[in-house]
Amino acid sequence: AQSVTQPDIHITVSEGASLELRCNYSYGATPYLFWYVQSPGQGLQLLLKYFSGDTLVQGIKGFEAEFKRSQSSFNLRKPSVHWSDAAEYFCALQAGTALIFGKGTTLSVSS
Amino acid sequence: DTGVSQDPRHKITKRGQNVTFRCDPISEHNRLYWYRQTLGQGPEFLTYFQNEAQLEKSRLLSDRFSAERPKGSFSTLEIQRTEQGDSAMYLCASSPPGSGANVLTFGAGSRLTVL
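One structure accompanies this document, and this report is about it.

When helices and strands are counted, chain A shows 0 helices and 12 strands. Ordered by position from N to C terminus, the α and β elements of chain A give β-β-β-β-β-β-β-β-β-β-β-β. Taken over C-alpha atoms, the radius of gyration comes to 13 Å for chain A, in line with the 13 Å a tight globule of 111 residues would show. Considering only C-alpha atoms, chain A reaches an extent of 40 × 30 × 20 Å along its principal axes. Here chain A holds 111 residues, and the buried ones make up 43% of them. Across chain A, every contact between residues at least 6 apart in sequence was considered, and the portion connecting residues at least 24 apart equals 53%.

Looking only at helices and strands, chain B has 0 helices and 11 strands in total. What you see in chain B, going N to C, is helices and strands ordered as β-β-β-β-β-β-β-β-β-β-β. Of the contacts formed within chain B by residues at least 6 apart in sequence, a portion of 54% connects residues at least 24 apart. Carbon together with sulfur atoms contributes 44% to the accessible area of chain B, which is approximately 5,700 Å² in total. Across chain B, the centroid of the 14 positively charged side chains sits 5 Å from that of the 12 negatively charged ones.

Counted under the stated rule, the structure contains 7 salt bridges over all chains. Of the charged contacts in the structure, one is a salt bridge between Lys78 of chain A and Asp85 of chain A, with a shortest N-O distance of 2.8 Å. Under the relative-accessibility criterion, Lys78 of chain A is labelled buried at 10%. A relative accessible area of 5% places Asp85 of chain A in the buried class. With a closest N to O distance of 2.7 Å, Arg22 of chain B and Asp24 of chain B form a salt bridge. Given the relative accessible area of 29%, Asp24 of chain B is considered partly exposed.

Moving on, we come to the sheet that holds strand S7 (residues 65-68) of chain B. Residues and elements named next belong to chain B. Across the sheet, which stays open at both edges, the 4 strands sit in the order S1-S3-S8-S7 with antiparallel pairing between neighbours. The sheet terminates laterally at strand S1 (5-7) and S7, the two strands that pair on one side only. Looking at each pair of strands side by side, their axes are set apart by 15° on average, direction ignored. With 5 bridges joining them, strand S3 (residues 19-24) and strand S8 (residues 75-79) adopt antiparallel strand pairing. By the bridge assignment, Arg22 is partnered in S8 with Thr76.

Next up on the list: the state of the cysteines. This model, assessed by the stated rule, comprises 2 disulfides over all chains. A sulfur-sulfur distance of 2.0 Å marks the disulfide that ties Cys23 of chain A to Cys91 of chain A. The disulfide joining Cys23 of chain A to Cys91 of chain A has a torsion of about -65° about its S-S bond and is therefore left-handed. With Cys23 of chain A in the loop between strand S3 (19-21) and strand S4 (24-26) and Cys91 of chain A in strand S10 (residues 87-95), the pair connects residues that are 68 residues apart, well separated along the chain. The disulfide that involves Cys23 of chain B links it to Cys92 of chain B, with 1.9 Å between the sulfurs. Here Cys23 of chain B and Cys92 of chain B share a disulfide; its torsion about the S-S bond, -70°, makes the bridge left-handed. With a gap of 69 residues between them, Cys23 of chain B in strand S3 and Cys92 of chain B in strand S9 (residues 88-95) connect regions that are remote in the sequence. Like Cys92 of chain B, Cys23 of chain B is buried.

Residue and element names in this part refer to chain A. On the secondary structure map, Ser73 appears in strand S9 (residues 73-78). Its relative accessible area of 4% is what places Ser73 among the buried residues. For Ser73, the contacting residues outside a window of four places in its chain are Cys23, Asn24, Tyr25, Glu66, Phe67 and Lys68.

All right, on to the environment of Val114 of chain B then. Residues and elements named next belong to chain B. Of note, Val114 is situated in strand S11 (residues 110-114). On a C-alpha basis, the gap between Val114 and Gln84 in space is 5.0 Å, while along the polypeptide they are 30 residues apart. Setting aside anything within four residues of it in sequence, one finds Val114 in contact with Thr13, Lys14, Arg15, Thr82, Glu83, Gln84, Asp86 and Ser87.

The rules behind each value
Residues numbered from 1 in each chain as written. Chains lettered and ligands numbered in written order. Predicted model: local features only at pLDDT ≥ 70, side-chain atom pairs only at ≥ 80, totals over all residues. Heavy atoms only, no water. Helix = DSSP H or I, 4+ residues; strand = E, 2+ residues; numbered from the N terminus. Rg over C-alpha atoms; globule rule 2.2 N^0.38 Å. Buried < 20%, exposed > 50% of the residue type's maximum accessible area, 1.4 Å probe, protein only. Contact = heavy atoms within 4.5 Å. Areas by Shrake-Rupley, 256 points an atom, 1.4 Å probe, with all protein chains shown as cover. Lys, Arg positive; Asp, Glu negative; His and termini not counted. Charge placed at Lys NZ, Arg CZ, Asp CG, Glu CD. Salt bridge = Lys/Arg side-chain N within 4 Å of Asp/Glu carboxyl O. Pairing = 2+ DSSP bridges. Axes fitted to C-alpha atoms, helices over the stretch in contact; angles between N-to-C directions. Disulfide = S-S within 2.5 Å.

And the structure:
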């Protein structure tokens, strides 16, 4: 079955600290993977995507993600978190014309 | 380019009433998608249009739901005889010709509350 799992519902990180959000997927072929961010009152914004090639993908706002086929993972990272990064983050997998989203991880940033 | 617009942003209705949401995609985008997001969940795919043709519908789209895109521009999503379980954020997204779900621009959503 095709699915995306985000094991962490809520994470709190101190401002300036590093961040890693976990994402695991289940898919029978080479996946197309995405990370989106959703802030209150705003639409989902694409941070980065992986289709093929280099397994370390750079995105906007200083985010990066690493695709690890052996672990079926696509974890999102940022070396230094800013207060404005507080939001909900969704990992997604393309399955045909649709995206399958995980349940999301809410990021809180403490000062 | 004003992005994907959705209207209304918030709708409160009583159970049993009909509601309609409108989505205006980015003008040059011929592909349009509807997703539903309930509290604590990620968005779930509902349906997909290419131009005016509705090419795919999810099992989530019960017979109380109908989506249209009559002229291949804006789209409407109507829910008839609303139920409390329909309370959710309804998201619209669009993508340009030749692309697909990998190049989506989402709107801010229409939040439905069914009392």
